[in-house]
Structure formats: structure tokens, C-alpha cells
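# Structural characterization, general
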Number of protein chains: 2
Amino acid sequence: MEKCLRQMRSSGSLHRTYMIYYLRIFAAVFILLLIIQFTSSIRSSNTLKASLKASVPPSFFPQIIVITPTYRRSTRLADMTRMANTLSHIKNLYWIVIEDGNNKVKAVEKLLNRTALPYIYLPAKTPPGYPRRGWYQRTMALQYLRNNSNLISDKSKKSVVYFADDDNSYDIRLFNDYIRNVQKVGIWAVGFAGGALVESPDVVNGTVVGWNVVWHKKRKFATDMAGFAVALDVVLNSTAVFGKSCNRGLGAPETCFLEDLGLQTHDLEPFGFDEEEREILVWHTKTAKVILNKRVADTNGFFVE
Amino acid sequence: MEKCLRQMRSSGSLHRTYMIYYLRIFAAVFILLLIIQFTSSIRSSNTLKASLKASVPPSFFPQIIVITPTYRRSTRLADMTRMANTLSHIKNLYWIVIEDGNNKVKAVEKLLNRTALPYIYLPAKTPPGYPRRGWYQRTMALQYLRNNSNLISDKSKKSVVYFADDDNSYDIRLFNDYIRNVQKVGIWAVGFAGGALVESPDVVNGTVVGWNVVWHKKRKFATDMAGFAVALDVVLNSTAVFGKSCNRGLGAPETCFLEDLGLQTHDLEPFGFDEEEREILVWHTKTAKVILNKRVADTNGFFVE
């Protein structure tokens, strides 16, 4: 019996030794996997530092819906390429691109496909009577959004709508720090808009009290299209569009749209005014038209618009 | 003894049960970690599809050294922002930025810092006698490169040098598919250069036989600055710069530089000519100057150049 107990003890301790052995292997593999996970996350953050925010699963922070009207011109693919490169840094972004034409353009569709962004690309040619300034395309985008909001935003708790033209210049902080944090309607400075170096709301103690603009200061919302973003639910709870009737606001559709959304000045949430050094995060840039010495019909097989 | 053996067996089987139990936990945790690893890698690839190439450790493929001359102007931060957003998608890229000025500009330095790109930012004001077209800044960049190539490229087997102006538009495939694969000197089409919609080498059976350009077709290398890239060792084995004496090539520094590198037409490796649909991956765009209705001195605290 004595021997039997000793055997049992030694047998138990042998099993315990095996177990400790297995547990050690388990711990080593676990640590190794943690290291791989850590180095891979460091490597993946080697684009923009801001992409460190990628560690938050996309659906936990608000979705950004970008509406871009576009049209055929020689510099369009260059502009859309730069814009796609910028938007591709932004997580949980849905891109609605509306072509001013009867058909989609294959090169644009291929460009959108090359990004990993979720998107919809639709043609909607400006009908007679509409100014050809993207009004009809933005209206069609809003209509698409109202009919398909569940399809687009069902995985997100909150979505924010932003109108972004394809030739502007965007700092990625505009999306991650400003647009993403809009509760109802966000407002910020825009470079090179309305004939000014900077167009911005005049903000005192976190409240918009007026407008630092050159062009038509008396507009209720004297902002450029690139200077605001609106919560999706505000858009869905209204019928506001960029209609032909949107001719109030001295020909500026921005104030007309914001008024039609039922917004008031006190609804505006200013961004970027608390900073010690105020920065512009979006510029209303224009790409210079191509000046040809001589029209070269033969592009040597290269696609141009 | 019979009882003892039974006890031992039951004791052994108990330990075995525990071990199987632990191994099951281990397997479950292992599978869980693999799933986390997999989803995180999918999430991190949610920028551009091309970034899937990120799974190759950077030092295994050639490094790209981008040289960018820059200067103060109102649209510069907008242009540099777009360019930084594009370059931030490219792995194993080193950015040499040279300011045409006596001092660095803080806003540019902050912009470069926000990217996770390795870079050097140096001021080098154009001395009298040099054309103010980035020649002196590119020359200083080449000098810096020759003095510090070990510092910049020691981890890479091979490096390729590319001159990229801050207002051009770049498709990320230009870097990943073209520049990265240059052996000696690569050449490709550029949009909107030299008064043409497309400037490109004339390629027959993979060989450059001439130039499809409008402006000064007789140049030995009738290419735009954005249309070629050169292996670092070719640069290091020469003293070629963009000197004041670089006034051959009818005032175009590109052909002068390539000739001074000791290159011949048969050294040129054309890219993008095998494709069924030829595409432009770089455009010589210009950002339109800001037209102010009225000079607004008060930018409401926002920084402008």
C-alpha cells in the first residue's frame, strides 16, 4: 500500500510535470502571438499616425457619408485620384459619387474600385434649368441617401453627411477630428473660399456670433460647401435639397440648404477654434485648366477625358 | 493491489482529462487569436487594396527616395497635404523636402511630422544666378543624398530616386508598380506636361524609339521631371546635379541631368506600355493661384502662408 501510494504520488507528479510543460508551451505561444499582433499593428500604423485610431472597430465610431458631384474634364482623373488617396485613410467612410452625365465613366468606376472604400457611383445629368454647379447631383445623392439609408448606415450608430468636391484639398484630421464628432451640424474654416484666404465663422466662447467672410456676409449661414457637415438623422428628417428653388442666400446654395434643414445659428458646433494655433483643414482649391500649346489628338494610346 | 491499479488508472485518466481540458482551452485561445489577427489584418487593409502589399516587410522590396523642392505660397499647405496623404500609402519611402528659403517653415515641419514617413526637411535658398524652379533645391537634395546615403538607405537592398513636385497628382500605382521596379532608369507617361495632354516616350517592342511630346521633341531625353526615376547607385556613381550649367536641352534640366548621369536611350525601361488600356499615373497639375476679391488681412487667427 505504501508503495502503491508512492507510485500514485510519482504518477501524479509526472502528470503535473507534463501539465506544467504544456502550460509553458501554451504561455510561450501566447506571448509569441501577442508580439506578432503588436508588431503587425505597429507596421500597419506606418502610414499616417492618425490611422492608429484604426484599432477602434469602425462601427463603434460614427460613419462619414461623403457626397461628391463630379463631371468630365481633362483634370478630373488627377483630382479624383488625389481625393481617393485622401479618403482611403478614413475608416468607416461611405462615398456617394454622382456623375453629371447620362452614363458612368469607366475610368472613374475603376478608380473607385481600386480603393477599398464602400461607394455608390451613379450618373445624373443636370436637367435644363438647373445651374451646372453640382446642385442636381447633390440633390440626387440626398434622394439616394433617403431611399437607401438603411443599406448604407445600418451598421453604424450614427452617420454624418459631408459634401466634398473632387478638386478641394483635405487634411485627414478634418474627417477624424471634425466631421466624425459632429452631433447635429458642425462648422469650420475653409481656405480660399469666396475670394478670401480664409472663410470662417466668427466664434466667441464656443458660439458662432457671425461670419468672417468677404462674400455676402449677411447670409444666415455664410459658409462654403466644404465648411460644414450635418448629422444623417437631420437630413432624413427633412426634405431639403439643392433645388432650382434654392435661389435664396444670394445665389449661394449652402445657406438655403441649411435653412431648409430647419437649422438655426445656435445649432452650429464650431470646430478648430479652441486650438492655440488655428489651422485650416480644408481648402477650396482649383486645379488650373490644362493649357495646350497645340492640341495633340494622338495621346499615344493613353486614356484622357 | 487490484484496487491500487484501478486508483492509479483512474488518477491517470483524471490527469489526462485535465490535460485534454487545458489543451482544448489552449486550442480555443489559439484559434481566437488567429481570428483577431485575421480580422485586424483585414481592417488594416481597409485603406487602399494596394496596401495589402504591406504584408511584405518593407526592407524586402526596394526603397523609394522622393525629392521634393518646395516654396512658400498661399496654396502650398493644401498641395503638401494632398501629397503627404498620397505618399503615406507607400511603404519604405524616404522623403527629402527642400525649402526654397533661409529657414524651415513650422507648418510644413508639423505636416511632415504628422505623417509616419521617414523624412528630412532642409532649407536652401536659391542663390543669385539660379533659376527659381527648384533646381538648386534638387541639387542640395542630391548632395545630401550623396553624403548620407548610408543613413537613409542602409536597410534596403536597393533604392530608387524620384523627383516629385508638391503640386502634381500621383496614383499610388506609380510608386508600387513603376518606381519600385526600376532597375537603372524607368520612364513613363506624364499627363499635362509640356503643353500636351500626355507626354510619353514612344515605345516599340518594349524599347524607347522616340518621344511623343509637343515641346522640344529633339531633346535626347524629352521627359518631364515627373516622368522618370533613377536607381540610387546610378546617382551615387555620378556627380550629376541641376547646376547653373544645366542649360543644355533647350532649357529643360531633365535631359541635362539624365545625360550627366551617363545614361543612354537604350538604358530606359518603359513602364505602362504593355497594358491593354494605357493609363496615366502621374499628372503635372497646377493649383490655380488664389484670386482674392479683397485682400483680407485678418484671417481670424488662422495660419496662412
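Residues numbered from 1 in each chain as written. Chains lettered and ligands numbered in written order. Predicted model: local features only at pLDDT ≥ 70, side-chain atom pairs only at ≥ 80, totals over all residues. Heavy atoms only, no water.

Which entries qualify depends on this criterion: UniProt positions are given in the numbering used here, feature names are shortened, and annotations may be inferred rather than shown by experiment.
As recorded by an unreviewed UniProt entry, chain A carries the name Galactosylgalactosylxylosylprotein 3-beta-glucuronosyltransferase and is attributed to Brugia malayi. Looking at the Cofactor (unreviewed entry) heading of the UniProt record, one finds this comment for chain A: "Mn(2+)". In the Sequence similarities (unreviewed entry) part of its UniProt record, chain A is described as follows: "Belongs to the glycosyltransferase 43 family."

### Some details on the overall build of chain A
The condition that has to hold: Here a strand is any run of E in DSSP of at least two residues, a helix any run of H or I of at least four, and the numbering for each starts at the N terminus. Exposure categories follow from relative accessible area, calculated using a 1.4 Å probe and restricted to protein chains: below 20% of the type maximum is buried, above 50% is exposed, and the middle band is partly exposed. In these tables, accessible area is a Shrake-Rupley quantity obtained with a 1.4 Å probe, and a residue counts as shielded only by the protein chains included in the view.
Each helix and strand counted, chain A has seven helices and 12 strands in total. Within chain A, buried positions represent 56% of all 305 residues. As presented, chain A carries roughly 14000 Å² of accessible surface, and 55% of it is formed by carbon and sulfur atoms.

### Considering the sheet that holds strand 10 (residues 228-231) of chain A
All names here are of chain A. Under the convention used in this document: Two strands are counted as paired when DSSP detects at least two bridges linking them. Axes, fitted as lines to C-alpha atoms, cover a helix only where it is in contact. Angles between the N-to-C directions of the axes lie from 0 to 180 degrees.
Spatial strand order, 3-2-1-4-10-6-11: seven strands in an open sheet with mixed pairing. The sheet terminates laterally at strand 3 (119-123) and strand 11 (268-270), the two strands that pair on one side only. Adjacent strand axes in the sheet meet at a mean angle of 20°, parallel and antiparallel pairs treated alike. The pairing of strand 2 (residues 93-99) with strand 3 spans five bridges and is parallel. Each bridged residue has a counterpart across the sheet, and for Trp-95 the counterpart in strand 3 is Tyr-119.

### What to know about the packing of helix 2 (residues 76-87) of chain A against helix 3 (residues 106-114) of chain A
Residue and element names in this part refer to chain A. Basically, it comes down to this: Oblique is the label for any angle not covered by the other classes, which are roughly parallel (under 35 degrees), roughly antiparallel (over 145) and roughly perpendicular (65 to 115). Note on convention: the crossing is left-handed when the near helix lies turned anticlockwise from the far helix by less than a right angle, right-handed when the turn is clockwise. Any pair of residues with heavy atoms lying within 4.5 Å of one another is described as a contacting pair.
The geometry of helix 2 relative to helix 3 is characterised by a closest axis approach of 10 Å and an angle of 15° between their N-to-C directions. The pairing of helix 2 with helix 3 is recorded here as roughly parallel in orientation. Crossing handedness for the pair helix 2 and helix 3: right-handed. Each of Arg-76, Leu-77, Met-80, Thr-81 and Ala-84 in helix 2 lies in contact with helix 3, whose residues at this interface are Ala-107, Val-108 and Leu-111.

### Side note on empty space enclosed by the protein
Note the cut-off: Residues are said to line a cavity or pocket when one of their atoms sits within 4 Å of a point; the points come from a 1 Å grid over protein atoms alone, cavities being sets where a 1.4 Å probe fits but cannot get out and pockets being open sets with protein on both sides within 12 Å along at least five of seven lines. Grid points are joined across faces, edges and corners, and a volume is the space filled by probe spheres set on the points. Gly counts as polar in this scheme, as do all residues outside two lists: the nonpolar Ala, Val, Leu, Ile, Met, Phe, Trp, Tyr, Cys and Pro, and the charged Asp, Glu, Lys and Arg.
Enumeration over the complete set of coordinates arrives at four cavities of 30 Å³ or more. In this model, the largest cavity occupies a volume close to 50 Å³. Taken together, A:Ser74, A:Leu77, A:Phe303, A:Val304, A:Glu305, B:Phe192, B:Ile280 and B:Trp283 form the lining of the largest cavity. A class-by-class count of the residues in the lining of the largest cavity yields six nonpolar, one polar and one charged.

### Comments concerning the packing of aromatic side chains
Put simply, the rule reads: Aromatic pairing here means that ring centres of Phe, Tyr or Trp (its six-membered ring) are within 6.5 Å. Orientation follows from the plane angle: under 30 degrees is stacked, over 60 is edge-to-face, and everything else is tilted. By definition, being over a ring means that NZ of Lys or CZ of Arg is both within 6 Å of the ring centre and within 35 degrees of the ring normal.
Considering all chains together, one arrives at 26 aromatic pairs over all chains under this definition. Ring geometry for A:Tyr162 versus A:Phe175: centroids 6.0 Å apart, planes at 90°, classification edge-to-face. Here the residue A:Tyr162 occupies a position in strand 4 (residues 159-163), and A:Phe175 occupies one in helix 5 (residues 172-178), the gap between them amounting to 13 residues. The two residues A:Tyr162 and A:Phe175 agree in class, both being buried. A connected cluster of aromatic rings, assembled from ring pairs, spans A:Tyr162, A:Tyr170, A:Phe175, A:Tyr178, A:Trp188 and A:Phe271. We note B:Arg138 situated over the ring of B:Phe242; from NZ or CZ to the ring centre the distance is 5.7 Å.

### Examining the pattern of salt bridges
Test applied: Here, a salt bridge means any side-chain nitrogen of Lys or Arg that lies within 4 Å of a carboxyl oxygen of Asp or Glu.
Applying the stated criterion to the full structure yields 34 salt bridges over all chains. Among the salt bridges present, the one from A:Arg72 reaches A:Glu305, with a minimum N-O distance of 4.0 Å. Residue A:Arg72 is found in the loop between strand 1 (63-70) and helix 2, and its partner A:Glu305 is found in the segment after strand 12 (282-283); the two are separated by 233 residues along the sequence. The closest approach of N and O atoms between A:Glu277 and B:Lys110, which form a salt bridge, is 4.0 Å. A residue pair is termed interchain when its members come from two chains, as with A:Glu277 in the loop between strand 11 and strand 12 and B:Lys110 in helix 3 (residues 106-114). Taking the relative accessible area as the measure of exposure, A:Glu277 reaches 42% and is therefore partly exposed. Residue B:Lys110 is classed as partly exposed on the basis of its relative accessible area of 29%.

### Looking at the sheet that holds strand 3 (residues 119-123) of chain B
Residue and element names in this part refer to chain B. Strand order in this open sheet of seven strands is 3-2-1-4-10-6-11, and the pairing throughout is mixed. Both edges of this open sheet fall to strand 3 and strand 11 (268-270), since each of them pairs with a single strand only. Going from strand to strand, the sheet's axes swing by 20° on average, the running direction of each strand aside. Sitting on the sheet, helix 2 (residues 76-87) touches strand 1 (63-70) and strand 2 (93-99), and the angle it makes with strand 2 is about 165°. Against the sheet, helix 7 (residues 253-260) makes contact with strand 4 (159-163), strand 6 (185-187) and strand 10 (228-231), and its axis sits at roughly 20° relative to strand 10, the strand it touches most.

### Things to note about the UniProt feature "active site" (unreviewed entry) in chain A
Residue and element names in this part refer to chain A. Basically, it comes down to this: Here a polar contact means two N or O atoms within 3.5 Å. Within protein one must be a hydrogen donor candidate and the other an acceptor candidate, and residues neighboring in sequence count only if both atoms are side-chain atoms.
Residues annotated by UniProt as "active site" (unreviewed entry) correspond here to Glu-254. Note on placement: Glu-254 falls in helix 7 (residues 253-260). Note on Glu-254: relative accessible area 9%, which makes it buried. Not counting residues within four places of it along the chain, the set of residues in contact with Glu-254 comprises Arg-219, Thr-223, Asp-224, Met-225 and Phe-228. Of the polar contacts made by the side chain of Glu-254, one reaches the backbone nitrogen of Met-225; its length is 3.0 Å.

### Some details on the nonpolar core
In a soluble, globular protein the nonpolar side chains are often hidden away together inside. Note the cut-off: Definition of nonpolar core: a set of buried residues of the types Ala, Val, Leu, Ile, Met, Phe, Trp, Tyr and Cys, connected through side-chain atoms within 4.5 Å.
Within the largest apolar cluster, 85 residues are counted, with the highest numbers of intra-cluster contacts made by A:Ile96, B:Trp95, B:Tyr162, B:Leu174, B:Phe175 and B:Trp188. With eight residues, the top contributor of residues to this core is helix 4 (residues 135-153) of chain A. Apart from residues lying up to four places away in sequence, B:Leu174 is in contact with B:Tyr162, B:Ile179, B:Trp188, B:Leu281 and B:Val282. Residues A:Tyr162, A:Val182, A:Trp188 and B:Ala141 belong to the second largest nonpolar core, which totals 84 residues.

### Examining the UniProt feature "site: Interaction with galactose moiety of substrate glycoprotein" (unreviewed entry) in chain A
Using the residue numbers shown here, the UniProt feature "site: Interaction with galactose moiety of substrate glycoprotein" (unreviewed entry) corresponds to A:Glu199. When neighbours within four sequence positions are excluded, A:Glu199 is seen to be in contact with A:Trp188, A:Ala189, A:Val190, A:Ala193, A:Gly194, A:Asn212, A:Val213, A:Arg219, A:Ala222, A:Thr223 and A:Asp224.

### Section: helix 2 of chain B
All names here are of chain B. The cut-off we apply is this: One fewer than the residue count of a helix, multiplied by 1.5 Å, yields its expected span.
Given a rise of 1.5 Å per residue, 12 residues ought to cover 16 Å, and the 16 Å separating the end C-alpha atoms of helix 2 matches this to within 8%. For helix 2, the tally of buried residues reaches 12 of 12 residues, placing the bulk of the element in the interior. Every buried residue of helix 2 is accounted for by Arg-76, Leu-77, Ala-78, Asp-79, Met-80, Thr-81, Arg-82, Met-83, Ala-84, Asn-85, Thr-86 and Leu-87.

### As for the side chain of A:Arg82
Tracing the chain through its elements places A:Arg82 in helix 2. Residue A:Arg82 is classed as buried on the basis of its relative accessible area, which comes to 3%. Among the polar contacts made by the side chain of A:Arg82, one reaches the side chain of A:Asp79 at a distance of 3.2 Å. With sequence-adjacent residues up to four places away left out, A:Arg82 is seen in contact with A:Thr287, B:Arg82, B:Asp167, B:Asn168, B:Ser169 and B:Thr285.

### Quick word on unusual backbone geometry
All names here are of chain A. Look at Asn-92: it is not a glycine, yet its phi comes out positive at around 50°. In this fold, Asn-92 is placed in the loop between helix 2 and strand 2. Notably, Phe-192 is not glycine yet its phi reads approximately 60°, a positive angle. Locating Phe-192 in the fold gives a position in the loop between strand 7 (190-191) and strand 8 (198-204). Accessibility expressed as a relative area gives 9% for Phe-192, which makes it buried.

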